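Residue-level structure breakdown
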Amino acid sequence: MKKKNIFIGAAILVIASLFVSSFSPEWTIRRHILGSLQPINSLKAKITTLGRVDAEYGHLYNVSGFMNRATGDELGFFYLKKLGLFWYVASTGTGP
């Protein structure tokens, strides 16, 4: 019974952290990098807003330190969109 409670508590913490990280553009980008299996880069990445908003793709951010593992290229540009209170990554790439 005690192991079950610990497992449920850990699951709630993971789900809550994913939910809360969607409130901020910076944490949304860091969560995306972490989901790409780059935990160190998710903490070290430098994220700056470029102040541009594209009607189709959303808000543009510059990210230093996120690499595409397959090609070795730096994916330095993120487009984020906002849906209600939540941000999500609409697109990533090497240039706007």
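Computed from a predicted model, the values in this text were never measured in an experiment.

Moving on to the pattern of salt bridges. If charged atoms from side chains of opposite charge come close, those side chains can pair. According to the stated counting rule, one finds one salt bridge in the structure shown. Note that Glu 26 is salt-bridged to Arg 30, the shortest N-O span being 3.0 Å. Of the two residues, Glu 26 and Arg 30 are both situated in helix 2 (residues 25-35); the distance of four residues between them amounts to about one turn of the helix. Look at Arg 30 and you get buried, because its relative accessible area is 12%.

Attention now goes to the nonpolar core. If you look at the biggest cluster of nonpolar residues, it comprises eleven residues: Ile 29, Ile 33, Ala 45, Ile 47, Tyr 61, Val 63, Phe 66, Leu 75, Phe 78, Leu 80 and Trp 87. Elements that contribute at least two residues to this core include exactly helix 2, strand 2 (58-64) and strand 3 (77-83). Apart from residues lying up to four places away in sequence, Tyr 61 is in contact with Pro 25, Ile 29, Ile 47, Thr 48, Thr 49, Leu 50, Gly 76, Phe 77, Phe 78 and Leu 80.

Before going further, it helps to examine the packing of aromatic side chains. As enumerated under the stated definition, the model contains two aromatic pairs in all. Plain terms: the ring middles of Tyr 57 and Tyr 79 are 5.3 Å apart, the flat faces sit at 35 degrees to each other, and that makes the pair tilted. Note that Tyr 57 is positioned in the loop between strand 1 (46-54) and strand 2 and Tyr 79 in strand 3, a separation of 22 residues in sequence. Both rings, one in Phe 66 and one in Phe 78, keep their centres 5.6 Å apart while their planes meet at 50 degrees; by these two values the pair is tilted. Here Phe 66 is found in the loop between strand 2 and strand 3, whereas its partner Phe 78 is found in strand 3, with twelve residues between them in sequence. Neither Phe 66 nor Phe 78 differs from the other in exposure class; each is buried.

About the thresholds
Residues numbered from 1 in each chain as written. Predicted model: local features only at pLDDT ≥ 70, side-chain atom pairs only at ≥ 80, totals over all residues. Heavy atoms only, no water. Salt bridge = Lys/Arg side-chain N within 4 Å of Asp/Glu carboxyl O. Helix = DSSP H or I, 4+ residues; strand = E, 2+ residues; numbered from the N terminus. Buried < 20%, exposed > 50% of the residue type's maximum accessible area, 1.4 Å probe, protein only. Core = buried A, V, L, I, M, F, W, Y, C linked by side-chain atoms within 4.5 Å. Contact = heavy atoms within 4.5 Å. Phe/Tyr/Trp six-rings, centres within 6.5 Å; stacked < 30°, edge-to-face > 60°.

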